[in-house]
There are 2 protein chains.
Amino acid sequence: MLTTRLDTARIRAARQVIDPLFLGSPLYRCVALEPGLGCAVSIKLETANPVRSFKGRGTEVIASAPGADAVVCASAGNLGQALAWSGRNRGLDVTVVASRFAPVTKLDRIRALDARLELVDGDFELARERAADIARHDGIRLVEDSLDIETCEGAATIGLELVDAAPPFDAVLIALGGGAMATGVGHVVKDCLPGAEVICVQPLGAPAMTLSWRERRVVTTDATDTIADGVAGRCPIPAVLDDLLRVADDAVLVREESIIAGMRMLLDHAGLVVEPSAALGVAAILEDRERFAGRHVVTIVCGGNVDPEAHRRWTGG
Amino acid sequence: MLTTRLDTARIRAARQVIDPLFLGSPLYRCVALEPGLGCAVSIKLETANPVRSFKGRGTEVIASAPGADAVVCASAGNLGQALAWSGRNRGLDVTVVASRFAPVTKLDRIRALDARLELVDGDFELARERAADIARHDGIRLVEDSLDIETCEGAATIGLELVDAAPPFDAVLIALGGGAMATGVGHVVKDCLPGAEVICVQPLGAPAMTLSWRERRVVTTDATDTIADGVAGRCPIPAVLDDLLRVADDAVLVREESIIAGMRMLLDHAGLVVEPSAALGVAAILEDRERFAGRHVVTIVCGGNVDPEAHRRWTGG
């Protein structure tokens, strides 16, 4: 019996309140990638929606709940943009706290969606502290990514779309940051297609959750050093780790050069511009071809909000 | 009563012989494009298949027919790659004749699929002549894009997927070259969703088929001058023009700078790398925003085989 904070019936219900623009994202075999990866690869394309990341699924669930008329969140960029989008459409006042080192593209899009944006002179963890201060001071809801169950349930609807697809897959590669997507999708896969392997992928330069998973206790790190800004946390949330321990078959760490090679493959062979976090799955295959040889692997391309200049620098020439 | 060389029942049958890798391509509202275009835009993504263009649908129909064990075609690049792919999978010997000025990417991919590639020192029309010579000399089947009904029927299966989608659309923008996609998709749309407008789009620098449609007789041109290599023909085929006259509500010509702006929008807002021909629909909206304002428009992103260097030059900076 799979016991996590998630519940598949509740996830199915969550799907009812999410704007269909975020549901049923493209899922397709990407044969053009396969010679380079040595296995059958399907892409779940979570960049083909209004906020170009999977986060809108969760923020739709949050914004559709009755009650709050103002919320604040810390964000590496994608959650903030998604919350701003959902909030604007549903009359919810949104404040986003982000690092001033976040990609300009992400910050610009948050502003463009009329959210209040506050920048902190530090990393994501400092933004979390500041968001909590604002929530306390203003008496508004603090949306905590991965801890708030709606963020996990929203991401988990990706899992429903994966397990409903034919043919079934052998493994799913999920970018691991705070853990909303990994625990959400992982829960559904373990519940509905238990034979499929759930593999989380994190950068070597931001390994806190993976180290925690391996040691079965919260391990924090002092700093992060990765271009995959979307998954660069240092302080795993205990309740999320508990769920991850129940649904993940493995958690792997990949090098920066593999992430870049993954972005380049997605660009050159799939014609997709993705942010570094979205290339973690491809990076994991590149680092361990033998493990995946001959299998059918799904990778969730989870976000496409990347500074064009940086993307060109990473993938060019 | 819609009378063209096409038949919707035959198109449904064609779907049965096409490798599922080419069917059910992603179709999604691309909200990120909409502020720039002023209308609701859905993308039909024909680059998410093994040959990164819609041509595989038609070549699958050709290669699944009994009889021929060797074929030759002229190609701007995408038909050749698709025929090589289908031929390799079904034991069909494939020769492709192309212009030596075709994008290197397209030529390389044809070679990589084990087809025999012959280059002519001229444009697509010269390649057509040379392919016909080879067919006569070797006694093998000449595959003629847009004339051979399988190429139209294959492309027409895109139309089935469009008319089956909900919500229905108001207009579909189709890149116009030889006419296989325009007559194929146009036939199905006019047959199944007659209220939707079928609009063909061609570059001003390669206007032969559009001029022919407007004058209701074949008009040839002496030269082409466009980056949209995939649609750069000069000599429309009479039977295809006849069909186009029955299914197209309009044929419009767009400027090169609009094609480039379209490619840049698809890159910056949709995260997609596409070849120039695939940006014709977006270019048409950019040139006539008023016409499309408030409507729901589908554009078929028909190919993604583009030299990376050229793409970077067109869209960069």
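Every chain begins its residue count from 1, and numbering advances along the sequence as written. As they are written, the chains are lettered A onward and the ligands numbered 1 onward, keeping that order. Only residues with pLDDT of at least 70 are given local features in this predicted model, and only at 80 or more are side-chain atom pairs given and counted; all residues enter the totals for whole chains, interfaces and linings. Heavy atoms throughout the structure, all of them, feed into the side-chain values; hydrogens and water do not.

(A) Here's a closer look at the sheet that holds strand 5 (residues 116-120) of chain B. Residues and elements named next belong to chain B. In spatial order, the strands read 5-4-3-6; together these four strands make up an open sheet with parallel pairing. Bordering the open sheet on either side are strand 5 and strand 6 (141-143), each of which pairs with just one other strand. Adjacent strand axes in the sheet meet at a mean angle of 25 degrees, parallel and antiparallel pairs treated alike. Paired strands, as defined in this entry, are two strands with at least two bridges between them according to DSSP. Think of it this way: any DSSP run of H or I at least four residues long counts as a helix, any run of E at least two long counts as a strand, and we number them from the N terminus. Two strands pair when backbone bridges link them, and strand 3 (residues 70-75) and strand 4 (residues 93-99) are joined in this way by six bridges, in the parallel orientation. Its bridge partner being in strand 4, Ala74 is matched across the sheet by Val97. Residues count as neighbours in contact if any of their non-hydrogen atoms are within 4.5 Å of one another. Axis lines are fitted to C-alpha atoms, over the contacting stretch for helices. Their N-to-C directions set the angle, which ranges from 0 to 180 degrees. On top of the sheet, helix 5 (residues 104-112) reaches strand 4 and strand 5; it is set at about 150 degrees to strand 5, its chief contact. Packed on one face of the sheet, helix 6 (residues 124-138) meets strand 3, strand 4, strand 5 and strand 6 and runs near 165 degrees to strand 3.

(B) A look at the relation of the copies chain B and chain A. Once chain B has been moved 0.0 Å along the axis and rotated by 180 degrees, it coincides with chain A to within an RMSD of 0.0 Å. Such a combination of turn and shift is consistent with a two-fold rotation axis. Most of the interface of chain B is mirrored in chain A, where 95% of its interface residues again form contacts. The fit set for superposing copies consists of C-alpha atoms from residues with pLDDT of at least 70 in both; the fit itself is least squares.

(C) Expanded view of the pairing of strand 8 (residues 197-203) of chain A. Residues and elements named next belong to chain A. The element strand 8 is extensively covered by neighbouring structure, given that seven of its seven residues are classed as buried. Along strand 8, one buried face is formed by Glu197, Ile199, Val201 and Pro203 and the opposite face, lined by Val198, Cys200 and Gln202, is buried too. Two strands pair when backbone bridges link them, and strand 7 (residues 171-175) and strand 8 are joined in this way by five bridges, in the parallel orientation. Paired with Leu173 across the two strands is Ile199, which belongs to strand 8. Between the parallel elements strand 7 and strand 8, the chain passes through helix 8 (residues 180-192) in a crossover that is right-handed. Pairing analysis gives five bridges linking strand 8 to strand 9 (residues 250-254), with the strands arranged parallel. The residue bridging Val201 from the neighbouring strand is Val252, located in strand 9. Think of it in three bands: residues with accessible area under 20% of the maximum for their type are buried, residues over 50% are exposed, and the middle band is partly exposed, with areas taken using a 1.4 Å probe on protein chains only. Here the term right-handed applies to a crossover when the path leading from its first strand over the helix to its second strand runs clockwise, the strands being oriented away from the viewer.

(D) Quick look at the interface of chain B and chain A. At the interface, 21 residues of chain B touch 20 residues of chain A. For any pair of parts, buried area is found by adding up, for both, the accessible area (1.4 Å probe) each one loses once the two are put together. Together, the buried faces of chain B and chain A total about 1700 Å²; carbon and sulfur atoms form 61% of this surface. Salt bridges are counted wherever a side-chain nitrogen of Lys or Arg sits within 4 Å of a carboxyl oxygen of Asp or Glu. Linking chain B with chain A are zero salt bridges. Here a polar contact is recorded for every N or O atom pair within 3.5 Å, except that within protein the pair must consist of a potential hydrogen donor and a potential acceptor, and residues adjacent in sequence are included only if both atoms are side-chain atoms. Joining chain B to chain A, the criterion identifies six residue pairs in polar contact (both at pLDDT 80 or more). If you list the elements that add at least two residues to the side of chain B that touches chain A, you get strand 1 (27-29), helix 11 (256-270) and helix 14 (308-315) of chain B.

(E) Main features of the pairing of strand 7 (residues 171-175) of chain B. All names here are of chain B. Within strand 7, five of the five residues are buried, which leaves it mostly tucked inside the rest of the structure. With burial as the criterion, each face of strand 7 is covered, one bearing Ala171, Leu173 and Ala175 and the other bearing Val172 and Ile174. As judged from the three bridges shared by strand 7 and strand 10 (residues 296-301), these two strands associate in the parallel manner. For Ala171, the partnering residue across the bridge sits in strand 10 and is Val297.

(F) Structural context of helix 10 (residues 238-247) of chain A. Within the sequence span of helix 10 of chain A, burial applies to Val240, Leu241, Asp243, Leu244, Leu245 and Val247 of chain A. Those residues of helix 10 of chain A hidden inside the fold are in contact with helix 8, strand 8 and helix 9 (208-215) of chain A.

(G) Examining the packing of aromatic side chains more closely. All names here are of chain A. Any pair of Phe, Tyr and Trp rings, taking the six-membered ring for Trp, is counted once the centres come within 6.5 Å. Such a pair is stacked with planes under 30 degrees apart, edge-to-face with planes over 60 apart, and tilted for the rest. By the definition in use, this model includes two aromatic pairs over all chains. Relative to Trp85, the ring of Phe22 has its centre 5.0 Å away and its plane inclined at 85 degrees; by these criteria the two rings are edge-to-face. Taken together, the residues Phe22 in the loop between helix 1 (8-17) and strand 1 (27-29) and Trp85 in helix 4 (residues 78-89) connect sequence positions 63 residues apart. Judged by relative accessible area, Trp85 falls into the buried class, the value being 7%.

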